[in-house]
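What follows is the residue order along each chain.
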Amino acid sequence: MNKTVFDPAAVAKLYDDLAPIYADFYPDYPAAVAKQGKDLWGVLSRLRPQIKSVFDCSCGIGTQIIGITQASGLKETCGADISPASVEKARMPAKSFNVTAEIAAVDIRRDQLWQ
């Protein structure tokens, strides 16, 4: 059996390169954020009615965590991604969508996150 080698730098570079154009995959990015957030929050809140916080692992440019934060009204939402460019891209719409999700560039397999 061959062992797959995970190269975090290569993955980060790939998503750094995609970050500037990722939102362009959606004809109407704000509508996509709202729809995905509403849909995901509907599922999450049914599974865990008392949910008080959400952590989006591999949040990319923030489409889902921004939408979930918007749809839920939660004050404790955060996202993490290995791509610094994606995280920076996520922080810009979070401000324009008027949400306060905390978003950080980290390798979740190794880095200590929020406490």
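Look up a bit, the structure's there.
These notes cover the structure that comes with them. (Residues numbered from 1 in each chain as written. Predicted model: local features only at pLDDT ≥ 70, side-chain atom pairs only at ≥ 80, totals over all residues. Heavy atoms only, no water.)

1. Describing the pairing of strand E3 (residues 102-105)
As a reminder of what qualifies: Strand pairing requires that DSSP identify at least two bridges connecting the strands. The numbering of helices and of strands both runs from the N terminus, where a helix is a DSSP run of H or I of at least 4 residues and a strand a run of E of at least 2.
One ladder, built from four bridges, connects strand E2 (residues 76-81) with E3; its direction is parallel. Bridge assignment links Cys78 to a residue of E3, and that residue is Glu102.

2. Thoughts on the nonpolar core
Heads up, the condition is: Nonpolar cores are built from buried Ala, Val, Leu, Ile, Met, Phe, Trp, Tyr and Cys residues. Side-chain atoms within 4.5 Å join them into one set. Exposure classes here rest on a 1.4 Å probe applied to the protein chains alone. A residue is buried below 20% of its type maximum, exposed above 50%, and partly exposed in between.
In this structure, Tyr29, Val54, Ile65, Ile66 and Ile103 are the most contacted members of the largest nonpolar core, which totals 19 residues. Looking at this core, the elements with two or more residues in it are helix H2 (29-47), helix H3 (63-72) and helix H4 (84-96).

3. A few points about the packing of H2 against H3
Basically, it comes down to this: In this analysis an axis means a line fitted to C-alpha atoms, helices contributing only their contacting stretch, and an angle means the value between N-to-C directions, from 0 to 180 degrees. Under this scheme an angle from 65 to 115 degrees is roughly perpendicular, one under 35 degrees roughly parallel, and one over 145 degrees roughly antiparallel; angles in between are oblique. Crossings are classed by handedness, with left-handed meaning an anticlockwise turn of the near helix from the far one by less than a right angle and right-handed meaning a clockwise turn. Contacts were defined at the residue level, with two residues in contact if any of their heavy atoms lie within 4.5 Å. Ten residue types, Ala, Val, Leu, Ile, Met, Phe, Trp, Tyr, Cys and Pro, are classed as nonpolar, four, Asp, Glu, Lys and Arg, as charged, and the remainder, Gly among them, as polar.
Two numbers describe how H2 lies on H3: the axes approach to 7 Å, and their chain directions differ by 65 degrees. Between H2 and H3, the angle is such that the two are roughly perpendicular. Read as a crossing pair, H2 and H3 show a hand that is right-handed. Residues Tyr29, Val33, Ala34, Gln36, Gly37, Lys38, Leu40, Trp41 and Leu44 of H2 form the contact with H3, whose own contacting residues are Thr63, Gln64, Ile66, Gly67, Ile68, Gln70, Ala71 and Ser72. Split by residue class, the contact of H2 with H3 holds nine nonpolar, seven polar and one charged.

4. Comments concerning the pattern of salt bridges
Here is the rule: When a carboxyl oxygen of Asp or Glu lies within 4 Å of a side-chain nitrogen of Lys or Arg, that pair is called a salt bridge.
Using the criterion set out here, one finds three salt bridges in the structure. The partner of Lys13 in a salt bridge is Asp17, with the nearest N and O atoms 2.9 Å apart. Residue Lys13 and its partner Asp17 are located together in helix H1 (residues 8-18), separated by four residues, close to a single helical turn.

5. Observations concerning the side chain of Thr63
Tracing the backbone shows Thr63 in helix H3. Non-local contacts of Thr63, meaning those with residues more than four positions away in its chain, are made with Tyr26, Tyr29, Val33 and Gln36.

6. A short note on the environment of Pro49
Of note, Pro49 is situated in the loop between H2 and strand E1 (53-57). For the pair Pro49 and Asp17, spaced 32 residues apart in the sequence, the C-alpha separation amounts to 38 Å.

7. Observations regarding H2
Short version of the rule: Multiplying one less than the number of residues by 1.5 Å gives the expected span of a helix.
With 19 residues, H2 extends 27 Å from end C-alpha to end C-alpha; this agrees with the ideal 27 Å at 1.5 Å per step. Where H2 is buried, its residues contact E1 and H3.

8. Details of the packing of aromatic side chains
For any pair of aromatic rings, the description rests on two quantities: the centre-to-centre distance and the angle between the ring planes. Inclusion rule: Any two of the Phe, Tyr and Trp rings considered here, Trp counted by its six-membered ring, make a pair once their centres fall within 6.5 Å; the pair's planes then place it as stacked at under 30 degrees, edge-to-face at over 60, or tilted in between.
By the definition in use, this model includes two aromatic pairs. With a centroid separation of 5.8 Å and 50 degrees between ring planes, the pair formed by Tyr26 and Tyr29 is classed as tilted.

9. Structural notes on the pairing of E1
Judged by which residues are buried, E1 turns out to be one-sided: Val54 and Asp56 face inward and are buried, whereas Ser53, Phe55 and Cys57, on the alternate face, are not. In the sheet, E1 pairs with E2 via five bridges, with the strands oriented parallel. Bridge assignment links Phe55 to a residue of E2, and that residue is Cys78.

10. Observations concerning the sheet that holds E2
Spatial strand order, E1-E2-E3: three strands in an open sheet with parallel pairing. The sheet is open, and its two edges are formed by E1 and E3, each paired on a single side. Along the sheet, successive strands turn relative to each other by an average axial angle of 15 degrees, direction set aside. On the sheet, H4 packs against E2 and E3 and is oriented at approximately 165 degrees with respect to E3.

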